[in-house]
Amino acid sequence: QAQLEESGGGVVHPGRSLRLSCEASGFAFSGSAMHWVRQAPGKGLEWVAVISDDGNKKYYAPSVKGRFTVSRDNSENTLYLQMKSLRPEDTALYYCAGPSMLTTVPFDYWGQGTLVTVSA
Amino acid sequence: QSLLTQPPSVSGAPGQRVTISCTGSSSNIGAEYDVHWYQQFPGSAPRVLIYGSTHRPSGVPDRFSASRSGASASLAISGVQADDEADYYCQSYDSSLSAWVFGGGTKLTVL
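Please read these numbers as outputs of a predicted model, since none were measured by experiment.

Rules behind the numbers
- Residues numbered from 1 in each chain as written.
- Chains lettered and ligands numbered in written order.
- Predicted model: local features only at pLDDT ≥ 70, side-chain atom pairs only at ≥ 80, totals over all residues.
- Heavy atoms only, no water.
- Helix = DSSP H or I, 4+ residues; strand = E, 2+ residues; numbered from the N terminus.
- Rg over C-alpha atoms; globule rule 2.2 N^0.38 Å.
- Buried < 20%, exposed > 50% of the residue type's maximum accessible area, 1.4 Å probe, protein only.
- Contact = heavy atoms within 4.5 Å.
- Areas by Shrake-Rupley, 256 points an atom, 1.4 Å probe, with all protein chains shown as cover.
- Pairing = 2+ DSSP bridges.
- Axes fitted to C-alpha atoms, helices over the stretch in contact; angles between N-to-C directions.
- Salt bridge = Lys/Arg side-chain N within 4 Å of Asp/Glu carboxyl O.
- Polar contact = N/O pair within 3.5 Å; in protein donor to acceptor, adjacent residues only side chain to side chain.

Novice: Please clarify how the overall build of chain B should be interpreted in this entry.
Specialist: For chain B, the count of helices and strands is zero helices and nine strands. Traced from its N-terminal end to its C-terminal end, chain B shows the element sequence β-β-β-β-β-β-β-β-β. In terms of overall dimensions, chain B is globule-like: its C-alpha atoms have a radius of gyration of 13 Å, near the 13 Å expected for 111 residues. Along the longest, intermediate and shortest principal axes, the C-alpha atoms of chain B span 40 × 25 × 25 Å. Expressed as a percentage of the 111 residues in chain B, the buried residues total 44%. Pairs at least 24 apart in sequence give 57% of the contacts found in chain B among residues at least 6 apart. Accessible surface, chain B: about 4,900 Å² in total, of which carbon and sulfur atoms supply 47%.

Novice: Sorry, what's going on with the overall build of chain A here?
Specialist: The helix and strand inventory of chain A stands at zero helices and eleven strands. If you list the helices and strands of chain A from N to C, you get β-β-β-β-β-β-β-β-β-β-β. The C-alpha radius of gyration computed for chain A amounts to 13 Å, which stays within 12% of the reference 14 Å derived for 120 residues, consistent with globular compactness. With respect to the principal axes defined by its C-alpha atoms, chain A has extents near 45 × 30 × 25 Å. Burial analysis of chain A (120 residues in total) assigns 47% to the buried set. Carbon and sulfur atoms provide 45% of the accessible area of chain A, an area that totals close to 5,700 Å².

Novice: Before we go on, may I ask you to explain the sheet that holds strand β2 (residues 18-23) of chain B in this structure?
Specialist: Within a sheet, each strand pairs with its neighbour through backbone hydrogen bonds, oriented either parallel or antiparallel. Residue and element names in this part refer to chain B. Reading across the sheet, the three strands line up as β2-β6-β5 and stay open at both edges, with antiparallel pairing between neighbours. Strands at the two margins of the open sheet, each flanked by one partner only, are β2 and β5 (64-69). Geometrically, the sheet is characterised by an average inter-axis angle of 20° between neighbouring strands, direction not taken into account. Here β5 pairs with strand β6 (residues 72-77) via six bridges, running antiparallel. Among the inter-strand pairings, Phe64 is bridged to a residue of β6, identified as Ile77.

Novice: Explain the pattern of salt bridges to me, please; I cannot follow it from the model alone.
Specialist: Side chains that carry opposite charge are capable of pairing whenever their charged atoms lie near each other. This structure, assessed with the given rule, holds four salt bridges over all chains. Two residues, Asp90(A) and Arg38(A), come together in a salt bridge whose shortest N-O distance is 2.9 Å. Of the two residues, Asp90(A) is situated in the loop between β8 (78-83) and β9 (92-98) and Arg38(A) in strand β4 (residues 34-39); the sequence distance between them amounts to 52 residues. Exposure remark for Asp90(A): the relative accessible area of 0% places this residue in the buried category. Close ionic contact of Asp84(B) with Arg63(B) constitutes a salt bridge, the shortest N to O distance being 2.6 Å. Here the residue Asp84(B) occupies a position in the loop between β6 and β7 (87-94), and Arg63(B) occupies one in the loop between β4 (47-50) and β5, the gap between them amounting to 21 residues. An identical accessibility class is assigned to Asp84(B) and Arg63(B); each is buried. Residues participating in the shared-partner salt-bridge network are Arg38(A), Glu46(A), Arg67(A) and Asp90(A).

Novice: Help me understand the interface of chain B and chain A in this model?
Specialist: How large an interface is tends to be reported as the accessible area lost when its parts come together. Contact residues are listed per partner, giving 19 residues for chain B and 21 residues for chain A. Across the chain B-chain A interface, the total number found is zero salt bridges. Linking chain B with chain A are five residue pairs in polar contact (both at pLDDT 80 or more). Sorting the residues of the side of chain B that touches chain A by element identifies β3 (36-40), β7 and β8 (99-102) of chain B as the ones contributing at least two each.

Novice: Honestly, the environment of Ala45(B) in this entry has me stumped. Any pointers?
Specialist: One can find Ala45(B) in the loop between β3 and β4. Each C-alpha atom, one on Ala45(B) and one on Gly104(B), is 16 Å from the other, the two residues being 59 residues apart in sequence.

Below is the structure:
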């Protein structure tokens, strides 16, 4: 059974950096494009970034482009999100999500999320 | 503002049929990209409710159905039950942004 476990969240001052990790198990991680999705407290879901299975293609939401970098280590089955120049509006629960192997669903597997709070 | 527009809330009495709309544009739903629907309970991660615009994963009751037309999609719940109270999100892909997009979410209240 596919499992995703995020870590690395915490409280950080505006302008600082933070790196999130997502450890995957139970599915073909190295063959899967992986996403980060976030959810601000009491708000809706917002797609953040995607990385191709080989790590060569990366796309970002306009709100984080130039500040966030997605990467992966297929030998460790781990996905990363490096966040720089953090803003209060980046405060959210950050989920990693993986696609279905059988359908076109991009967000089939979800972790439980890691909370990032950007505050002075 | 989300590129996919959903009503913030809908409600219905137990047993009634409720629908949730999702309005997009020519660069997402109207461009015939797949629409997926997710259900999220408080404190939990979302789960796939409908994929590929109209298909239910195994385990999802057939009370849930979805359709699409033009640049819009909709989710229908027939015979709504108290444990259907949750937030519902539509999701597609937008070619103008090269981004995956979600609707703003709809909170379903069962009266």
